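Each chain, letter by letter, is given below.
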Amino acid sequence: DVQLQASGGGLVQAGGSLTLSCAASGFTVDDHVIGWFRQAPGKEREGVSSIRASDGTTYYADSVKDRFTISIDNAKKTATLQMNSLKAEDTAVYYCNLRVRFPDRSESNYWGQGTQVTVSS
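Let me begin by describing the structure that accompanies this report.

Rules of the game
- Residues numbered from 1 in each chain as written.
- Predicted model: local features only at pLDDT ≥ 70, side-chain atom pairs only at ≥ 80, totals over all residues.
- Heavy atoms only, no water.
- Helix = DSSP H or I, 4+ residues; strand = E, 2+ residues; numbered from the N terminus.
- Buried < 20%, exposed > 50% of the residue type's maximum accessible area, 1.4 Å probe, protein only.
- Polar contact = N/O pair within 3.5 Å; in protein donor to acceptor, adjacent residues only side chain to side chain.
- Contact = heavy atoms within 4.5 Å.
- Salt bridge = Lys/Arg side-chain N within 4 Å of Asp/Glu carboxyl O.
- Core = buried A, V, L, I, M, F, W, Y, C linked by side-chain atoms within 4.5 Å.
- Pairing = 2+ DSSP bridges.
- Axes fitted to C-alpha atoms, helices over the stretch in contact; angles between N-to-C directions.
- Disulfide = S-S within 2.5 Å.

1. Overview of the side chain of Asp-90
Now for step 1: Among the secondary structure elements, Asp-90 is positioned in the loop between strand S8 (78–83) and strand S9 (92–101).
Now for step 2: Taking the relative accessible area as the measure of exposure, Asp-90 reaches 0% and is therefore buried.
Now for step 3: A distance of 2.8 Å separates a polar atom in the side chain of Asp-90 from a polar atom in the side chain of Arg-67.
Now for step 4: If we skip the residues at most four places from it in the chain, Asp-90 touches Arg-38, Val-64, Arg-67, Phe-68, Ser-85, Val-117 and Val-119.

Have a look at this one:
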């Protein structure tokens, strides 16, 4: 079965850095996307960043562009989100997401456990 194991998160000061990691297992298809969503109290869930395993194409929300960097390992199973220049507005619960596209073009989504990121000032 597909599993996502997330790590990272914690409390950092504004301007600091933090790294999130998400390790995916239990699937063999090569066309998949790994990334993070986040949800702050009283706010809607939003996509933060993602990377496509097949070609390395990345996506960043405008609010994190130029501050966050996403990468994936050579096995295409572990994604890392490097978060720099953190702001109070980055405070949220971050959820790892895996989207798998099968040869018949159907898709499935999987979610890891949430991890709290708190930025203090």
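2. As for the pattern of salt bridges
Now for step 1: Inspection of the entire model under this criterion finds five salt bridges.
Now for step 2: The closest approach of N and O atoms between Arg-67 and Asp-90, which form a salt bridge, is 2.8 Å. Of this pair, Arg-67 sits in the loop between strand S6 (58–60) and strand S7 (68–72) while Asp-90 sits in the loop between S8 and S9, and the two are 23 residues apart along the sequence.
Now for step 3: Note on Arg-67: relative accessible area 9%, which makes it buried.
Now for step 4: A salt bridge links Glu-107 to Arg-99; its shortest N-O distance comes to 3.9 Å.

3. Overview of the nonpolar core
Now for step 1: Membership of the largest hydrophobic core comes to 29 residues, with the highest contact counts inside it found for Trp-36, Phe-68, Leu-81, Met-83 and Tyr-94.
Now for step 2: Elements represented by at least two residues in this core include exactly strand S3 (18–25), strand S4 (32–39), strand S5 (46–52), S7, S8, S9 and strand S10 (107–120).

4. Some remarks on the sheet that holds strand S1 (residues 3–7)
Now for step 1: The four strands are arranged S1-S3-S8-S7 in an open sheet whose pairing can be described as antiparallel. Lying at the two open borders of the sheet, with one neighbouring strand each, are S1 and S7. On average, each strand axis in the sheet is inclined to that of its neighbour by 15°, with strand direction left out of account.
Now for step 2: Sheet analysis places S7 next to S8, joined by five bridges and oriented antiparallel. Bridging across to S8, Ile-70 finds its partner in Leu-81.

5. Section: the state of the cysteines
Now for step 1: Counted by the stated rule, this structure contains one disulfide.
Now for step 2: The partner cysteine of Cys-22 in its disulfide is Cys-96, sulfur to sulfur 1.8 Å. Because the torsion about its S-S bond is -85°, the bridge between Cys-22 and Cys-96 counts as left-handed. Of this pair, Cys-22 sits in strand S3 while Cys-96 sits in strand S9; the two residues are 74 residues apart in sequence, bridging distant segments of the chain.
Now for step 3: Classification of Cys-22 by relative accessible area gives buried; the value is 0%.
Now for step 4: The exposure class of Cys-96 is buried, given its relative accessible area of 1%.

6. Quick look at the sheet that holds strand S2 (residues 10–13)
Now for step 1: In space, the six strands of this open sheet follow the order S2-S10-S9-S4-S5-S6, with mixed pairing throughout. Each edge of the open sheet carries a strand with a single partner, namely S2 and S6. Looking at each pair of strands side by side, their axes are set apart by 25° on average, direction ignored.
Now for step 2: Judged from the nine bridges that link them, S9 and S10 form a sheet pairing that is antiparallel. By the bridge assignment, Tyr-94 is partnered in S10 with Thr-115.

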